[in-house]
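# Structural features, examined
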Amino acid sequence: MAINNCPLCLEKQREIDRLSEEVERLKRKLRYQERKAGEGFFGSSTPSAQVPVKANAPPREPKPKGARPGHKGRGRKRFDLAAAEQVVEVAAEHPICPECGGPLQDKGHEERSVLEAPPLKAQARVYRLPKKYCPRCRRAFIPKAPGVLPQSLYGNQLISNAAILHYQHGMPQGRVSEITGAPAGALSAIFHRLARLFDSVPQTLIHEYRKAPAKHADETGWRTNGKNGYAWLFAPPTLSIFQFGKNRSAAVPQQLFGTKKTPGVLVVDRYSAYNKLPCSIQYCYAHLLREVQDLEKDFPQEGEIKTFVATAAPLLAKAMSLNQKKISDAKFYDQAKKLKAKIKAAMNAPARHLGIRKIQDIFRDQQHRLYHWADDRRVPAHNNQAERDLRPSVIARKVSFGSNSPAGANTRSVLTSVIQTLIKSGRDPDLCLKQTLDQLARHPEQDPYHLLFRA
């Protein structure tokens, strides 16, 4: 009572409280600065290439050598003459014995199986096309050159090789020009023509994408003509649709989805551009897990936060890995139901800390976008499919710095969509492109989608 009634003591206590709050505020600011310096501008969401300081990887225990008991080896296999595409007869080196000079007896052949590839360098080739004339019709008949598009200086195999090197393997056009022997300017014209031939394919892929039960979408930065833009990816497990050079407005996904209700579930992050789409949405748990784990980094001394993170983080991680388990559907849905109940209980538990309440509010307000993974086994609780499919484009952005023009961005959109979808369908993209171009050279009225993805 004496202290409370003392004006001087009361003033001192107020100053102590103010300084204590100031110290705690500065500690939080210091922790944030330290995290930003170590993890990058976006914290735990910073891409690995932009992390300022990367910790050394922890030492790993050496893996046991040799195969497991009962494992069937996959050693190098020989192929017989029937499977060989070419048989090369090698002449004998010595007509007589190099040791004694005596005659050598014929003992048959020793076969050696070798895989070889022809060089990718362009070869000058001349087709001699027979010219036939009908005096009655007064018309000349000349066959088309095989494997060459009309009015093209380059063969279809070279075009296919160049497209695969640039759009699948991410080689710059200059490097592709060195490998194939085609000038860089000619390669640009080749790619633009190829995109015009396949211009109708992405629209068919969009119709297939809308029917997929589990769909993914993501976006990343992409520069076009020196200006900042975005590259969008829309990808179920069976195909990929890329759109380069676009902005980040909601009009891009809305144009792809249309206005009619779309079946299935779209797995995305919490970017608001997806919320207005006519499709059910599942938020990615990987992003939410990082936010939960960041709480403990920001407030390492808060006991309430440690308890919340220790409870919620394992549940979210388990939800992301549940659909990868090789268990029956009945067992999956039973575990999913129990796990969903545990997550809801953790998010509905009373909490005093505002950071915990912020995470809990997401799960309370967005329940219709957080538990589709528990209702349909085909829908994952993470967006790893889009992250993996978008990674080659991120590498291409670092190598090529984007597209030089909107036309180049459109060409990359078409060809990358075609090639990546061919890869996902289990086809050889190089062979499919070559065969499709050969067909279009003879019959240009054919549908390129059916030629590319024919059974």
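I will try to describe carefully the structure that is included in this document.

Taken together, the side chains of Tyr 127, Leu 129 and Ile 142 define a hydrophobic patch exposed on the protein surface, amounting to about 250 Å² of accessible area. On the secondary structure map, Tyr 127 appears in the loop between α2 (7–39) and β1 (132–134).

The next thing to look at is the packing of aromatic side chains. Scanning all chains against the criterion turns up twelve aromatic pairs. Taking the centre distance of 5.1 Å and the plane angle of 75 degrees together, the rings of Tyr 167 and Phe 191 count as edge-to-face. Of the two residues, Tyr 167 is situated in helix α3 (residues 156–168) and Phe 191 in helix α5 (residues 184–197); the sequence distance between them amounts to 24 residues. Classification of Tyr 167 as buried rests on a relative accessible area of 8%. For Phe 191, a relative accessible area of 2% corresponds to the buried category. Taking the centre distance of 5.8 Å and the plane angle of 10 degrees together, the rings of Phe 242 and Phe 244 count as stacked. The structure contains a cluster of three or more aromatic residues connected by ring pairs, namely Tyr 209, Trp 232, Phe 234, Phe 257, Tyr 271 and Tyr 274. Cation over ring: Arg 248 sits above Tyr 271, and NZ or CZ is 4.0 Å from the ring centre. Here the guanidinium or amino end of Arg 412 rests over the ring plane of Phe 244, the centre of that ring lying 5.9 Å away.

As a further point, take the sheet that holds strand β5 (residues 241–246). The strand order across the open sheet built from five strands is β5-β4-β3-β6-β7, with neighbouring strands paired in mixed fashion. Single-partner strands in this sheet number two, and they are β5 and β7 (280–283). Going from strand to strand, the sheet's axes swing by 25 degrees on average, the running direction of each strand aside. The pairing of strand β3 (residues 214–224) with strand β6 (residues 265–268) spans three bridges and is classified as parallel. Paired with Ala 214 across the strands is Val 265, a residue of β6. Its contacts with the sheet put helix α13 (residues 384–400) on β3, β4 (227–234) and β5, and the angle it makes with β3 is roughly 10 degrees.

For the rest of this paragraph, the subject is the nonpolar core. Counting residues in hydrophobic clusters, the biggest one holds 88 residues, and the most contacted among them are Phe 198, Tyr 285, Ile 343, Phe 363 and Trp 373. Broken down by element, this core gets its largest block of residues, ten residues, from helix α9 (residues 303–322). Membership of the second largest hydrophobic core comes to ten residues, among which are Ala 235, Phe 244, Leu 390 and Ala 396.

Turning next to the packing of helix α8 (residues 285–298) against α9. Where α8 meets α9, the axes come as close as 9 Å, and the angle between the chain directions of the two elements is 160 degrees. On the basis of the axis angle, α8 is roughly antiparallel to α9. Crossing geometry of α8 relative to α9 is assigned as left-handed. From α8, Tyr 285, Ala 286, Leu 288, Leu 289, Val 292, Leu 295 and Glu 296 reach across to α9, where they touch Ile 305, Lys 306, Phe 308, Val 309, Ala 312, Ala 313, Leu 316, Ala 317, Ala 319 and Met 320. For the contact of α8 with α9, the class distribution of residues is 15 nonpolar, no polar and two charged.

Take the pattern of salt bridges next. In the structure shown here, the tally under the stated rule is 13 salt bridges. Across the pair Lys 211 and Glu 208 runs a salt bridge, and its minimum N-O distance is 3.6 Å.

The first and last C-alpha atoms of α3 sit 17 Å apart over 13 residues, in line with the 18 Å expected at 1.5 Å per residue. Among the 13 residues of α3, eleven are classified as buried, and the element is accordingly described as predominantly covered. Burial in α3 covers these residues: Asn 156, Leu 158, Ile 159, Ser 160, Asn 161, Ala 162, Ala 163, Ile 164, Leu 165, His 166 and Tyr 167.

Criteria and cut-off values
Residues numbered from 1 in each chain as written. Predicted model: local features only at pLDDT ≥ 70, side-chain atom pairs only at ≥ 80, totals over all residues. Heavy atoms only, no water. Patch = residues over 30% accessible without salt bridge, like charges linked within 9 Å, V, L, I, M, F, W, Y side chains within 5 Å. Areas by Shrake-Rupley, 256 points an atom, 1.4 Å probe, with all protein chains shown as cover. Salt bridge = Lys/Arg side-chain N within 4 Å of Asp/Glu carboxyl O. Helix = DSSP H or I, 4+ residues; strand = E, 2+ residues; numbered from the N terminus. Phe/Tyr/Trp six-rings, centres within 6.5 Å; stacked < 30°, edge-to-face > 60°. Buried < 20%, exposed > 50% of the residue type's maximum accessible area, 1.4 Å probe, protein only. Lys NZ or Arg CZ within 6 Å of the ring centre and 35° of its normal. Pairing = 2+ DSSP bridges. Axes fitted to C-alpha atoms, helices over the stretch in contact; angles between N-to-C directions. Contact = heavy atoms within 4.5 Å. Core = buried A, V, L, I, M, F, W, Y, C linked by side-chain atoms within 4.5 Å. Parallel < 35°, antiparallel > 145°, perpendicular 65-115°, else oblique. Left-handed = near helix turned anticlockwise from the far one by under 90°. Nonpolar A, V, L, I, M, F, W, Y, C, P; charged D, E, K, R; others polar. Expected span 1.5 Å × (residues − 1).

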